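Spelled out from the first residue to the last, the chains are:
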Amino acid sequence: MKKNLSLVALLLTAALAFSACGSSTTTDETDDTAAEETADADAEDTDAAVTLKVGATAVPHAEILNEVVDDLAAEGINLEIVEFSDYTLINKALVEGEVDANYFQHQPYLDEFIEESGADLVSAGGIHIEPMGIYSDSITSLDELQEGDKVGVPNDATNEGRALLLLQSEGLITLADDSLTQTPADIVENELGLEFVELAAEQLPRTLSETTISVINTNYALEGGLSPSEDAIAMEAGDSPYVNIVAVRAEDADNENIAKLVAALQSDEVRTFINEEYNGEVVPVF
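Residues numbered from 1 in each chain as written. Predicted model: local features only at pLDDT ≥ 70, side-chain atom pairs only at ≥ 80, totals over all residues. Heavy atoms only, no water.

Notes on the overall build of the protein
- What the protein contains, in helices and strands, is 10 helices and 13 strands.
- Residue burial in the protein is summarised as follows: out of 286 residues, 43% are buried.
- Accessible area of the protein: about 14,600 Å², with a carbon and sulfur share of 48%. (Helix = DSSP H or I, 4+ residues; strand = E, 2+ residues; numbered from the N terminus. Buried < 20%, exposed > 50% of the residue type's maximum accessible area, 1.4 Å probe, protein only. Areas by Shrake-Rupley, 256 points an atom, 1.4 Å probe, with all protein chains shown as cover.)

With respect to the pairing of strand S6 (residues 150-154)
- Counted residue by residue, S6 has four buried out of five residues, so it is predominantly covered.
- As defined by bridge partners, S6 adjoins strand S9 (residues 195-199) across five bridges and the pair is classed as parallel. Residue pairing in the sheet places Val 151 in a bridge with Phe 196 of S9. (Pairing = 2+ DSSP bridges.)

Points about unusual backbone geometry
- Along the chain, Val 59 connects to Pro 60 via a cis peptide bond; the corresponding omega equals 0 degrees.
- Looking at where Pro 60 falls in the secondary structure, it is placed in helix H2 (residues 58-66).
- One non-glycine residue, Asn 279, lies in the positive phi region at around 50 degrees.
- Relative to the elements of secondary structure, Asn 279 occurs in the loop between helix H10 (268-278) and strand S13 (283-284).

A short note on helix H6 (residues 157-169)
- When the terminal C-alpha atoms of H6 are compared, their 19 Å separation across 13 residues agrees well with the 18 Å that a helix rising 1.5 Å per residue should span.
- Counting buried positions along H6 gives 10 out of 13 residues, so the element sits mostly inside the fold.
- Burial in H6 covers these residues: Thr 158, Asn 159, Glu 160, Gly 161, Arg 162, Ala 163, Leu 164, Leu 165, Leu 166 and Leu 167. (Expected span 1.5 Å × (residues − 1).)

Concerning the nonpolar core
- With 26 residues, the main nonpolar core has Val 54, Ile 64, Leu 65, Val 246, Leu 261 and Leu 265 as its most contacted residues.
- Of all elements in the fold, only strand S1 (50-56), H2, strand S2 (77-83), strand S3 (101-106), strand S12 (243-249), helix H9 (256-265) and H10 reach the threshold of two or more residues within this core.
- Among the elements that make up this core, the one with the highest residue count is H9 (five residues).
- Residues within four places of Leu 265 in sequence aside, it is in contact with Ile 64, Leu 65, Val 68, Ile 127, Val 246, Val 270 and Phe 286. (Core = buried A, V, L, I, M, F, W, Y, C linked by side-chain atoms within 4.5 Å. Contact = heavy atoms within 4.5 Å.)

Remarks on the sheet that holds strand S10 (residues 213-216)
- On the basis of which strands lie adjacent, the open sheet formed by five strands has the order S9-S6-S10-S5-S11 and mixed pairing. Looking along the sheet, the strands with just one partner apiece sit at the ends: S9 and strand S11 (234-235).

So, the sheet that holds S1
- Overall, mixed pairing links the six strands, which are arranged S2-S1-S3-S12-S4-S13 in an open sheet. Each end of this open sheet is capped by a strand with a single partner; those strands are S2 and S13.
- Pairing of strand S4 (residues 121-129) with S13 involves two bridges; the strand directions are antiparallel. Within the sheet, the bridge partner assigned to His 128 lies in S13 and is Pro 284.
- Running at roughly 110 degrees to S3, helix H5 (residues 107-117) makes contact with S3, S4 and S12 of the sheet.
- Here H9 sits on the sheet in contact with S1, S2, S3, S4 and S12, set at roughly 55 degrees to S1. (Axes fitted to C-alpha atoms, helices over the stretch in contact; angles between N-to-C directions.)

What to know about the confidence of the model for the protein
- Mean pLDDT over the protein: 86, with 83% of residues reaching 70 or higher.
- Low pLDDT, under 50, characterises residues 1-35; the stretch is placed with zero contacts to residues that sit more than four places away or in other chains.
- For residues 38-46, every residue scores under 50 in pLDDT, and the model assigns this stretch zero contacts once sequence neighbours within four places are set aside. (pLDDT = per-residue confidence, 0-100.)

Some remarks on the pattern of salt bridges
- Inspection of the entire model under this criterion finds four salt bridges.
- When the shortest N-O distance is used, the salt bridge between Lys 260 and Glu 75 registers 3.9 Å. Of this pair, Lys 260 sits in helix H9 while Glu 75 sits in the loop between helix H3 (69-74) and S2; the two residues are 185 residues apart in sequence, bridging distant segments of the chain.
- Judged by its relative accessible area of 26%, Lys 260 falls in the partly exposed class.
- Note that Arg 271 is salt-bridged to Asp 268, the shortest N-O span being 2.7 Å. Placement of the pair is Arg 271 and Asp 268 together in helix H10, with a separation of three residues, close to one helical turn.
- A residue is classified by how much of its surface remains accessible, and Arg 271, at 26% relative accessible area, is partly exposed. (Salt bridge = Lys/Arg side-chain N within 4 Å of Asp/Glu carboxyl O.)

Observations regarding the environment of Ala 263
- Positionally, Ala 263 belongs in helix H9.
- In this structure Ala 263 comes out as partly exposed when scored by relative accessible area, which is 45%.
- Between the C-alpha atoms of Ala 263 and Gly 125, which are 138 residues apart in sequence, the distance is 8.9 Å.

What follows is the structure in structure tokens.
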């Protein structure tokens with residue numbers, strides 16, 4: 001009888017031990033499965049994030065875009081800012097699909113590009129204005145200009161016309177009309193016989209020593225270490241119509257991610273950043 005009881009006890013002990021091992025294995029497998037599911041979910045979240053590439057010049061456009069990186073990330077958009085030193089290449093990059101949008105130009109510049117290239121690009125929204133200014137390393141007032149002095153102007157169609165219109169508003173020249181596409185050949189009065197030096201816009205801050213005055217876009221003035229509010233001899237009026245826009249391919253005009261980008265750039269937070277960072281040298285339009 002004692003032998004039978006001992007055998008039963010031994011069998012019960014073995015059964016309990018086997019049950020415990022089985023329970024432990026099941027728990028480990030459950031933990032492993034849960035971990036795998038979590039990893040898969042994280043991977044799916046990563047895959048779900050949309051990458052939006054936006055071409056821009058460094059100042060102020062890339063700086064402003066950097067202000068909305070976190071906001072867009074919260075909406076599942078990975079904003080990749082592609083900086084260009086040569087702004088004449090940015091629209092081409094958009095047309096060719098190298099970027100999904102760009103932020104560097106005003107509407108007249110885009111219109112001119114479309115007319116010349118036939119590209120199907122549109123504005124997705126306006127963000128700010130950068131008043132163009134007149135700068136010099138050698139004089140402090142336009143009254144100091146002498147006969148035959150050299151004047152630097154951007155050599156692209158719309159910005160050159162814009163620069164000449166600013167010079168006309170300062171009484172230095174008279175143009176044939178008020179169109180934006182004018183060049184020095186369209187000057188009908190030039191009492192001082194000013195000599196015009198046409199250069200790529202980004203080169204103008206670096207060549208100030210080679211001209212008496214130069215008309216420079218604010219973004220390139222800032223990049224060149226110039227302060228429009230302190231260094232400019234004259235500036236466009238604050239109501240300049242040259243609003244800097246976000247441009248996209250026409251097929252993406254209604255893209256919800258582009259809409260989120262524009263909404264982020266037109267937020268109260270970005271308005272505050274622009275006003276505080278650029279002190280009136282860059283003016284929000286929203």
